Structure formats: structure tokens, C-alpha cells
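If you want the building blocks of each chain, they are given just below.
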Amino acid sequence: LLPGQEFLDRISDFAWRLSHDGDTIRYVNPRTSDHLGWSRTEIEAFSPWWSYLLSPESAQDIRGLMAEVAAASVAVGGQGGAASSSAQLPARPPLLLTANTTGGLRLPLEVHSIYVAQDGWLFLARNPLNLDSAEEILRQTQARFRSIVDGLSINLVLKGLDGRRIYANRAYLE
């Protein structure tokens, strides 16, 4: 059996418990919701989950890996993808995926552990962002903000709590 919710809430940035067939998310830990912006209820309603939460390339990668694991499980006497005995797959580096956030951003994920049991699948992943990639995401977000705000025909000024002007769009400056 897979670990309970209390355990999953503490062990990883991303913990997804899937149905036996792997198509439905049965549980996600709170950090998954925090990182992606979707509520747990929304995430658990996505079916198939990968078409909502992952980029098309990542969805294809995860489905391919799940098929490989399921085939290995059947080869050692499992049933339909849920391993009833231990299936050995060759060691591999963590699977790098791209997740979709509610704001339309793409967040990198590194799936480091996959567990298969009779009651379903468990995916554990972490956010591999380092300072450089976090700064790049911030730069992209700021550039997107500026392109939207500068295109407005109304004057827009952002001020800090101290009253200093932080940003003004083109319409204001002209």
C-alpha cells in the first residue's frame, strides 16, 4: 500500500497519488497546490491529469514511463500496471517535466521517485529551480508585465508604500 496523506504532506515538494490506471489524481500534497496555483479540488478533478498539469511534451514523457513501468510489472507477474511483485527497471536519471501553473507559466519538475502498488501510483518530484532559473522566470514575468502595461492607452503609475514612483507606463510618460 502507498503511504497516507499525512506522510505525503511532509516528504516532497510535489507528491501525487494516482488511481490504479494512472489517469486520475486521487491526492496531491498542499505544496503541489501552492507551487502550481491550482486548488487540490481542481487538481483532483482533472482527468486525464497530465493534459491539464503538464506541457504536451512532458505528458508524452510521463505516459511513456508509466507504460514502461506497467509492462515491467506485468512481466514479473503483476496485473494491469499495478505491481504485485517487484519489477526491476534500469536505473535512470530523474525525469524532467514541465508543469503548467494557473498563471500560464511553466514550472520545471524533477520526478525522482515513482512507486507502484496495487492501490495506485505515487509520484514524488521536486522543483529543481536554482537561483539563476528563478531569476530568469522573474525577468520573463517582468517583461510580460511591461509589454502589457506599456500597451495601455491610459496612464498607469505604480507607487511604493513610501509614495515614490516605481513604474510609469508610456502613456503616462508622454
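On a predicted model such as this, the values are computed, not experimentally measured, just so you know.

Q: Can you help me understand the packing of aromatic side chains in this one?
A: To describe a pair of aromatic rings, one takes the distance between the centres and the angle between the planes. The full count for this structure, using the stated rule, is seven aromatic pairs. When the centroid spacing of 5.0 Å and the interplanar angle of 90 degrees are considered together, the rings of Trp38 and Phe46 count as edge-to-face. Pair check on accessibility: Trp38 and Phe46 agree, each one buried. Ring centres of Phe46 and Tyr52 lie 4.5 Å apart, and the angle between their planes is 10 degrees; on these two criteria the pair is classed as stacked.

Q: What am I meant to see in a nonpolar patch on the surface here?
A: Taken together, the side chains of Phe145, Leu158 and Ile166 make up a nonpolar region of the molecular surface, amounting to roughly 270 Å² of accessible area. Residue placement: Ile166 occurs in strand E7 (residues 165–168).

Q: Explain unusual backbone geometry to me, please; I cannot follow it from the model alone.
A: Negative phi characterises most residues that are not glycine, and trans characterises most peptide bonds. In this chain, Ser47 is followed by Pro48 through a cis amide linkage whose omega measures -5 degrees. Examined against the element boundaries, Pro48 turns out to sit in the loop between helix H3 (40–45) and helix H4 (49–53).

Q: I tried to follow the pairing of strand E5 (residues 120–126) on my own but got confused; where do I start?
A: Two faces, one strand: in a regular strand the side chains alternate between the faces of the sheet. Within E5, six of the seven residues are buried, which leaves the element mostly enclosed by the surrounding structure. Looking at chain direction, strand E1 (residues 14–18) and E5 are connected through five bridges and run antiparallel. Residue pairing across strands places Phe14 opposite Ala125, the latter belonging to E5. Sheet topology places strand E4 (residues 106–117) next to E5; seven bridges connect them, and they run antiparallel. Bridge pairing links Ile114 to Phe123 in E5. Between the end of E4 and the start of E5, which pair antiparallel, lie two residues.

Q: Can you walk me through the nonpolar core in this structure?
A: Note that soluble globular proteins tend to have their nonpolar side chains buried in a common cluster. Core analysis: the biggest nonpolar cluster contains 27 residues, and Trp16, Leu18, Trp49, Leu53, Leu54, Ile62 and Phe123 have the highest contact counts within it. Secondary-structure elements contributing two or more residues to this core are E1, strand E2 (25–28), H4, helix H5 (56–75), strand E3 (95–100), E4 and E5. In terms of residues, this core owes the most to one element, H5, which gives five residues. For Leu54, the residues in contact, after removing those within four places along its chain, are Trp16, Trp49, Ala59, Ile62, Leu97, Thr98, Ala99, Asn100 and Leu109.

Q: Would you mind going over the sheet that holds E1 with me for this structure?
A: Hydrogen bonds between backbone groups are what pair the strands of a sheet, and the pairing can be parallel or antiparallel. Spatially, five strands are ordered E2-E1-E5-E4-E3 in an open sheet, and the strand pairing comes out antiparallel. Each of the sheet's edge strands pairs with one partner strand only, and the pair in question is E2 and E3. Taken pair by pair, the neighbouring strands of this sheet meet at an average axis angle of 35 degrees, ignoring direction.

Q: For this particular structure, what's the right way to read the environment of Phe14?
A: Structurally, the position occupied by Phe14 is in strand E1. Sequence-wise, Phe14 and Leu109 are 95 residues apart; in three dimensions their C-alpha atoms are separated by 8.5 Å. Discounting chain neighbours no more than four positions away, the residues touching Phe14 are Asn29, Thr32, His35, Leu36, Leu107, Leu109, Phe123, Leu124, Ala125, Arg126 and Asn127.

What counts, and where the lines are drawn
Residues numbered from 1 in each chain as written. Predicted model: local features only at pLDDT ≥ 70, side-chain atom pairs only at ≥ 80, totals over all residues. Heavy atoms only, no water. Phe/Tyr/Trp six-rings, centres within 6.5 Å; stacked < 30°, edge-to-face > 60°. Buried < 20%, exposed > 50% of the residue type's maximum accessible area, 1.4 Å probe, protein only. Patch = residues over 30% accessible without salt bridge, like charges linked within 9 Å, V, L, I, M, F, W, Y side chains within 5 Å. Areas by Shrake-Rupley, 256 points an atom, 1.4 Å probe, with all protein chains shown as cover. Salt bridge = Lys/Arg side-chain N within 4 Å of Asp/Glu carboxyl O. Helix = DSSP H or I, 4+ residues; strand = E, 2+ residues; numbered from the N terminus. Pairing = 2+ DSSP bridges. Core = buried A, V, L, I, M, F, W, Y, C linked by side-chain atoms within 4.5 Å. Contact = heavy atoms within 4.5 Å. Axes fitted to C-alpha atoms, helices over the stretch in contact; angles between N-to-C directions.

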